[in-house]
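# A structural walkthrough
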Amino acid sequence: MAVSGSGPSHSSRSDCVDLLGQSRSPAFPYFRDWKFEFGSDLKPKICITTSTSAGLEQILPWIFYHKVIGVSNYFLFVEGKAASANVSKVLESIPGVKVIYRTRELEEQQAKSRIWNETWLASFFYKPCNYELFVKQSLNMEMAIVMARNAGMDWIFHLDTDELIHPAGTEEYSLRQLLSDVPGNVDMVIFPNYESSVERDDIKEPFSEVSLFKKNYDHLPKDVYFGNYKEATRGNPNYFLTYGNGKSAARIQDHLRPNGAHRWHNYMKTPNEIKLDEAAVLHYTYPKFSDLTSRRDRCGCKPTKEDVKRCFMLEFDRSAFIIASTATEEEMLRWYRERIVWTDKELNLKLMRKGILTRVYAPTVIIQSLRESGVFSSVIESAMQTSVSKDNFLKSIESSNSSREIASGVISSRKIGNSGESQATARKVLEITEDDSHPSAIPPLSPPGLHDFHI
């Protein structure tokens, strides 16, 4: 699949109808049927699992982009907006998509997971915010492995809905082609992540409007990386705003387990892994100004330097939370422009020439084509009940997307049960010494810093 063309076009309209697209002249030649139904003979079979509270304006482009590059099945663990009636109705109507709700029954089932009696995730238990999310993602990944196996999948990814797989290096921009070329003795494939470098502070549709990315350390010569580190960091705590250790795909096999949100492991062996030299995961990091406040609203920690350490693993997330909790709107926007937005065109051009920054247009072209071809509006129309008008349905979706997180059985990183039992379990788990056969879960890690550079 050849993807080419000029840069992204920008739209000033931000309403839900525009975000999801209207039927215009067909411009997307790859699949005419929005259902994207794949033949059972296509190999390998690839699935993605995610834990999300996003709305349709983010999830639909995310799903159908990955369908285009070869992903057939999705295991969506939903809450918040994603679990609302109108949004989930649409998601459940898409072939290959399984929606799992955070119900009391799910929490009770996950409370029985063997994970709670093992040491590899224990250091993340009983902590708030990002730590809770990390545990929740791991428990969801464990369940997704079983679902993937039952569905006959060959490979499984864990991605967030602000991440897109970029199968660079394949002739047809095909993830299926990329994984089919992986040797049979390889258990895990690591995709280094690239981080979005937004050039405006008014982004509405990151997947369609952002094309500039900062390349991963693993895809750069060391002298280029460290030689341009200070300019590329622009006064932020690290080279990337958030994590730099990529995401991974695992081959479905016996004894597979998650190893945190970024990696997989095996109870019976150390996985044989490879790291890709061209393909990457595109991470759209704080691409919208509103991301500052939306992240703040999901965490109840105090905005102090000490308290945020309990809640966030990475330094930039801590700083962003404090700013969003204490600054005025004007101060927040100034901070956002200084720390996140790349407005210095000369610096951008210099870093592009050095290879630090790069343009990636393929996702923009694909998602814009899907939107213009009416794929997103078609899936919504198909999901509508005959008794509900299109206008009312779209208004209800827009309302659910603009509302704050819906209270839908919020999980904590605690087992279900009385508090005494949970605390006793915690003590028991934390008293166990680390076992070399089960290394600790890999958290989001920052890229190498200047202190890591040794001549």
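Look a little higher up for the structure.
Residues numbered from 1 in each chain as written. Predicted model: local features only at pLDDT ≥ 70, side-chain atom pairs only at ≥ 80, totals over all residues. Heavy atoms only, no water.

## Describing the sheet that holds strand β12 (residues 273–275)
Strand order in the open sheet made by the seven strands is β3-β2-β1-β4-β9-β6-β12, with mixed pairing throughout. For this open sheet the edge positions go to β3 (97–101) and β12, each flanked by a neighbour on one side alone. Within this sheet the neighbouring strands show an average axis-to-axis angle of 20°, counted without direction. Both strand β2 (residues 73–78) and β3 contribute to a ladder of five bridges, which runs parallel. Within the sheet, the bridge partner assigned to Phe-75 lies in β3 and is Lys-98. On the sheet, helix α2 (residues 56–69) packs against β1 (46–52), β2 and β3 and is oriented at approximately 160° with respect to β2. Sitting on the sheet, helix α3 (residues 85–92) touches β2 and β3, and the angle it makes with β3 is about 145°. (Pairing = 2+ DSSP bridges. Helix = DSSP H or I, 4+ residues; strand = E, 2+ residues; numbered from the N terminus. Axes fitted to C-alpha atoms, helices over the stretch in contact; angles between N-to-C directions. Contact = heavy atoms within 4.5 Å.)

## Structural notes on the pairing of β2
When you tally the buried positions in β2, you get six out of six residues, the bulk of the element. Because side chains alternate across β2, one face comprises the buried residues Asn-73, Phe-75 and Phe-77, and the other comprises Tyr-74, Leu-76 and Val-78, equally buried. As defined by bridge partners, β1 adjoins β2 across six bridges and the pair is classed as parallel. Opposite Thr-52, over in β2, you have Val-78 as the bridge partner. After leaving β1, the chain enters α2 and then returns to the sheet as β2, a path that is right-handed. (Buried < 20%, exposed > 50% of the residue type's maximum accessible area, 1.4 Å probe, protein only. Right-handed = clockwise from strand over helix to strand, strands pointing away.)

## A short note on the packing of aromatic side chains
Considering all chains together, one arrives at 21 aromatic pairs under this definition. Where Tyr-239 meets Phe-240, the ring centres are 5.0 Å apart and the plane angle is 35°; that geometry is what we call tilted. Each of the two residues, Tyr-239 as well as Phe-240, counts as buried. Through pairs of rings, three or more aromatic residues link up here, namely Tyr-217, Tyr-225, Phe-226, Tyr-229, Tyr-239 and Phe-240. Sitting over the ring of Tyr-239, Lys-214 keeps its end group 4.7 Å from the ring centre. Directly above the aromatic system of Tyr-286 lies the positively charged group of Arg-295, at a separation of 3.9 Å from the ring centroid. (Phe/Tyr/Trp six-rings, centres within 6.5 Å; stacked < 30°, edge-to-face > 60°. Lys NZ or Arg CZ within 6 Å of the ring centre and 35° of its normal.)

## Details of the environment of Asp-297
Looking at the element boundaries, Asp-297 is found in helix α10 (residues 291–297). With 24 residues separating them along the chain, Asp-297 and Phe-321 place their C-alpha atoms 9.3 Å apart.

By themselves, these observations are geometric and do not establish any function.
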